[in-house]
Amino acid sequence: MNLSTFPWLSTIILFPIAASLLIPIIPDQHVQKIRWYALIIGLIDFTLIVYVFGSQYDFANPNLQLVESYHWVPALDLNWSVAVDGISMPLVILTGFITTLAVLAAWPVTLKPKLFYFLILAMYGGQIAVFAVQDMLLFFLVWELELIPVYLLLAIWGGKKRQYAATKFILYTAGGSLFILIAALTMAFYGDTVTFDMQALGLKDYALNFQLFIYAGFLIAYAVKLPIFPLHTWLPDAHGEATAPVHMLLAGILLKMGGYALIRMNAQMLPDAHAYFAPVLVILGVVNIIYAALTSFAQRNLKRKIAYSSISHMGFVLIGIASFTDLGLSGAVLQMVSHGLIGASLFFLVGATYDRTHTLMLDEMGGVGQKMQKIFAMFTTCSMASLALPGMSGFVAELMIFVGFSNSDAYDPTFKAIVVFLMAVGVILTPIYLLSMLREIFYGQENQELISHEELIDAEPREVFIVACLLVPIIGIGLYPKLLTQIYDATTIQLTQRLRDSVPTLAQKSIPTVSYTAPEIGVR
């Protein structure tokens, strides 16, 4: 067998989906077998992702790799077309890693376990497909299909307001998806040829007004998913009602779909329109950072506080995408991966804390660190990563975006100064609300009413293992960012040059660079 021509991506996408179809034949009473079956499938697929990445992926190649294309519905020009490059490969790896850990995090689930693990595995393949498909019509289909498992996971296994949160999620995301379909069809039928192939669509000669119209449609759709103010309100409600494994999938993977699509379609396929919308993205990014950080202060519900923190951190991604520098764009990709790891760890620990205290209200906690010392230590470490402590991935990602945008020659110095100042304010606000959160949960006097009717046992080995698995890449990337940046450097350099070429005043200039004495920062 020629391994270089084997359909690796199709196998990685379809294997967990096909495996999920076998779950219904497992007897209902064998809950432990269902759990182990789902975990083994997740491990096999993640191992396959790692093998393909290690043996078939070329870091120096900025173009699409592992390309597969098969005619599916020729009458509609619908093809099964998948491939990866430096933008999508890190997110495919992140999806496999987070989903496998989410299966392990779902061990305590006893309500309808067959349906739960079926949805998790189906979602596994669907999310990888979002990052890999290269056909716009197919992209819309997998984007929509991925919504169904999330809706059911919220509606069946959520909290008291689960129906409200699930309905709001599906209305927002499905409504936004309509803009993807409209934009895809409009682009496909533009000009003399009809095609849904993303590469071919990116090469069409669109009129500027047409590009601006399509860019706005895509931006609305992906603003819901990222999420961007004011289309963000579904996220705190969804996180407020979700269970720990669903939290991990929402924070670790789902939000990254919006950031990835902004880079893949808005920036890469519509570079001329991106030049006009980039300042808008910067302003929206700043609003996300400041508004969500301030709102997080006011939240007394632990899940909603972390949810608004996620919205704030994703604002940096918007600024990096709009920076017109290789360093800024590279930082945006790094921030997506970093936040995926940190967000998953924090929300898992929120779930673990809730399982013991049976409350999410900060006013009802206090002093629980005295009996839950391991959870206290893990929660503190992950919070340090979220507030961008040096030596952890969040610090490097935000630093790259800061420096990349600060050195961008695409903006007026006054505008840059204002944006950098507000970004700095957001960075200062983050440790304030996170450290105050830790103080209210773990420090001070024990709440006697709480400990009188709740058994505050410490973390079990399974929980320690999950958090440790997430902290290893968080700290590893923080100490040596090149572990991740080398995967996509070639792609981001190529894309940045294309974006700069779309702006006449930048096309003749070299890309601003910054030299550091420490090469492990991951920049040239």
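These lines cover the structure that appears in this document, whether it is placed above or below. (Residues numbered from 1 in each chain as written. Predicted model: local features only at pLDDT ≥ 70, side-chain atom pairs only at ≥ 80, totals over all residues. Heavy atoms only, no water.)

## Examining the packing of aromatic side chains
What the rule picks out here adds up to 28 aromatic pairs. Look at W36 and W107: their rings are 5.3 Å apart centre to centre, the planes differ by 85°, and that puts the pair in the edge-to-face class. Linking W36 in helix α2 (residues 31–56) with W107 in the loop between α3 (89–105) and α4 (113–132), this pair joins segments that are 71 residues apart in sequence. Judged by its relative accessible area of 15%, W107 falls in the buried class. Each residue in the set F139, W143, F218 and Y222 is aromatic and connected to the rest through ring pairs, giving one cluster. (Phe/Tyr/Trp six-rings, centres within 6.5 Å; stacked < 30°, edge-to-face > 60°. Helix = DSSP H or I, 4+ residues; strand = E, 2+ residues; numbered from the N terminus. Buried < 20%, exposed > 50% of the residue type's maximum accessible area, 1.4 Å probe, protein only.)

## Structural notes on the environment of S10
Tracing the chain through its elements places S10 in helix α1 (residues 8–20). Classification of S10 by relative accessible area gives buried; the value is 8%. Separated by 114 residues in the primary sequence, S10 and Y124 have C-alpha atoms spaced 13 Å apart. Sequence-distant contacts of S10, defined by excluding residues within four places in its chain, comprise E68, Y70, W80 and V82. (Contact = heavy atoms within 4.5 Å.)

## Details of helix α5 (residues 136–145)
Across the ten residues that make up α5, a large majority, seven, are buried. The complete set of buried residues in α5 reads M136, L137, L138, F139, F140, V142 and W143.

## Digging into the pairing of strand β2 (residues 78–84)
Burial within β2 is extensive, with seven of its seven residues counted as buried. Residues L78, W80, V82 and V84 point to one face of β2 and N79, S81 and A83 to the other, with burial holding for every one of them. The hairpin turn running from strand β1 (residues 65–73) into β2, its antiparallel successor, is four residues long, and D77 in that turn takes a positive phi close to 55°. (Pairing = 2+ DSSP bridges.)

## Observations regarding helix α10 (residues 234–241)
For α10, a buried count of eight out of eight residues is recorded, marking the element as mostly surrounded by other parts of the structure. Every buried residue of α10 is accounted for by W234, L235, P236, D237, A238, H239, G240 and E241. Looking at the packing, one finds that the buried side of α10 touches α6 (147–157), α7 (162–188), α9 (208–225), α11 (244–269), α13 (302–321) and α14 (326–357).

In short, the description is geometric, and any link to function would need to be established separately.
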